[in-house]
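Observations on chain architecture
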Amino acid sequence: MKSIQKLLLFTLILTFSSLARGQNTTPERTKLVVGIVVDQMRYDYLTRFAAKFGDKGFKKLINSGFSCNNNHFNYMPTLTAPGHASIFTGTTPRTHGIISNSWYNKFEKKSVYCAEDSSVHSVGTETSAGEMSPHRMKTTTITDQNRLHTQMRGKTIGVSLKDRGAILPAGHTANGAYWFQGREEGNFITSTYYMENLPKWVTDFNASAKAKSYLRPWETLLDINTYTESGADLNDFEGGFKGKETATFPYDLGALNPTNGGYDILKVTPYGNSLLTDFAIAAIDGEQLGADADTDFLTVSFSSTDYVGHNFGVNSKEIEDTYIRLDRDLGRLLDALDKKVGAGAYTVFLTADHAGVNVPSYLESVKIPAGYFDSDGFDQAIRDFVSTAYGRDDLIEDISNYQVFFSYKVLSDNAIDAEELQKKIAHFALQYEQVNKVYTRAQLQQSGFNGGMEELVENGFDQKRSGDVFVILDPGVISYGRTGSMHGTGYSYDTHVPLLFYGNGIKKGKTYERTVVPDIATTIAALLGIEFPNGFSGDVITEVME
Ligand SMILES: [Zn+2]
């Protein structure tokens, strides 16, 4: 045989054998993108707890993937709903419109929740917990763009304990989004926005009593004496559970759950993340994700990290154990993906929806400036100031999310100049203790800021939905109880979050160049070769791609 014929034959054999091997070869196009969000995950958890992580979870993503070590939110408020929307739409609240978890809606004249939707019904529960949809999110997600690109053949499934953690990432065109209904139920549920009945794999999962199996004692995974990366177990900065005097290990969830919301207690323990991991693996099987040539999306948002942080604080033994256990759960998820989809055949990214502040009462105890802000007192002071200055008490419709909302009708009926009112309130608020900066609607609509806290406020400002005056507190100051952590500001303790890429199409490496959260969806779109989300403002992080 001539050498050229030999070569041809060899090539043919190679081609056929790789076709026959199917998933064992690296496809050009990734078969499944898994977008993981860890609720309230600070960047420094990756470094602080590194010695306690195994080889199959966070370290696998870092060592075999790409880590962006200087990744930040570029807007405020840094909260769950804006976070999830921004990660998947590749833009900020000023464009996608999810300006908070809940906000005062000046058109409906009431406070609205980001995902509430009275036009749909619950599926899988008799309660109203399923009356949810992504209808308030104005732009498309990367998951929507993949659906459009594949003529709706590529699937999207979103899972989380929180409804907004499942719904916003999965986008407008999702095949399904599922979240956890605790209380006496302990089931994953959905909404008629997606389907009329739960699929069999979900009802099977609910019937398996997995949730019940986690109502067991929570002890530290490793010897608690080796947890040298967190504060003492017994301290003054933690909440704990009703029915147990101290916030110290162990916690008997079987005994504590009746007085702590039934199955909802799982949310405030690492077992909530374990349960979600079980459910995500069931989704890969149940939906046959990554099984054909069209790229599918699985979005997984781990919420327990946020609940544990709010209850025990970011420096607690409880948060350390939660991350050590999440590392093992991540390992389980990656193992399942290797087995079911094939190593190298899928792509993962992992980030957070916001980070979190150290408990201010703890910071004060070690002489770092911090404190607690009396929001109600401040709101009353603003109202009193305006009624004294204008002789009427109907100019302000609402004060929420550190924003003042004017009554435009009263202003216009009485020929009151809105900009003058903005300026007067701003001047008054700046005299108030613990208020650091104040911005007005006029400032935000007239100037384009380029950096600093100003840019973060501007990126969080939706011209239609947002308020008229914006108040920013001092660093380390929150409006919250004296135990547990909070988030929401534009300071680095809230904005600095991990960003890891791993798998098909991803290079090994790391960068300390600044990246921002909206870059994620843009980068994934470039990787897939699909259209960017329609409101995108992020850049492609070219270093991560092979
Ligand atoms: Zn939170």
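Scroll up for the structure.
Every value quoted in this text rests on a predicted model; they were computed, and no experiment measured them.

What follows concerns the environment of Gln445. Mapped onto the fold, Gln445 is located in helix H18 (residues 441-446). Given a relative accessible area of 39%, Gln445 falls into the partly exposed group. In the structure, Gln445 is positioned 16 residues away from Phe461 in sequence and 9.2 Å away in space, judged by C-alpha atoms. Ignoring sequence-local partners within four residues, the contact set of Gln445 consists of Phe461 and Gln463.

Let's shift gears to the pattern of salt bridges. Scanning the entire structure with this criterion turns up 26 salt bridges. We note a salt bridge from Lys109 to Glu397, for which the minimum N-O separation is 2.8 Å. Here Lys109, found in the loop between strand S4 (102-105) and strand S5 (110-113), pairs with Glu397, found in strand S15 (residues 396-400); they are 288 residues apart in sequence, far enough to count as distant. Two residues, Lys340 and Asp285, come together in a salt bridge whose shortest N-O distance is 2.9 Å.

It is worth spelling out unusual backbone geometry at this point. Across the junction of Met76 and Pro77, the peptide omega takes the value 15°, indicating a cis bond. Note on placement: Pro77 falls in the loop between strand S3 (71-72) and helix H4 (80-89). Residues other than glycine seldom take positive phi values, yet Arg183 does so here, at roughly 50°. Structurally, Arg183 is set in the loop between strand S8 (176-181) and strand S9 (187-191). Phi angles above zero are rare outside glycine, and Tyr402 is one such case at about 60°. Relative to the assigned elements, Tyr402 resides in the loop between S15 and strand S16 (403-406). By relative accessible area, Tyr402 is classed as partly exposed at 35%.

Conventions adopted
Residues numbered from 1 in each chain as written. Predicted model: local features only at pLDDT ≥ 70, side-chain atom pairs only at ≥ 80, totals over all residues. Heavy atoms only, no water. Helix = DSSP H or I, 4+ residues; strand = E, 2+ residues; numbered from the N terminus. Buried < 20%, exposed > 50% of the residue type's maximum accessible area, 1.4 Å probe, protein only. Contact = heavy atoms within 4.5 Å. Salt bridge = Lys/Arg side-chain N within 4 Å of Asp/Glu carboxyl O.

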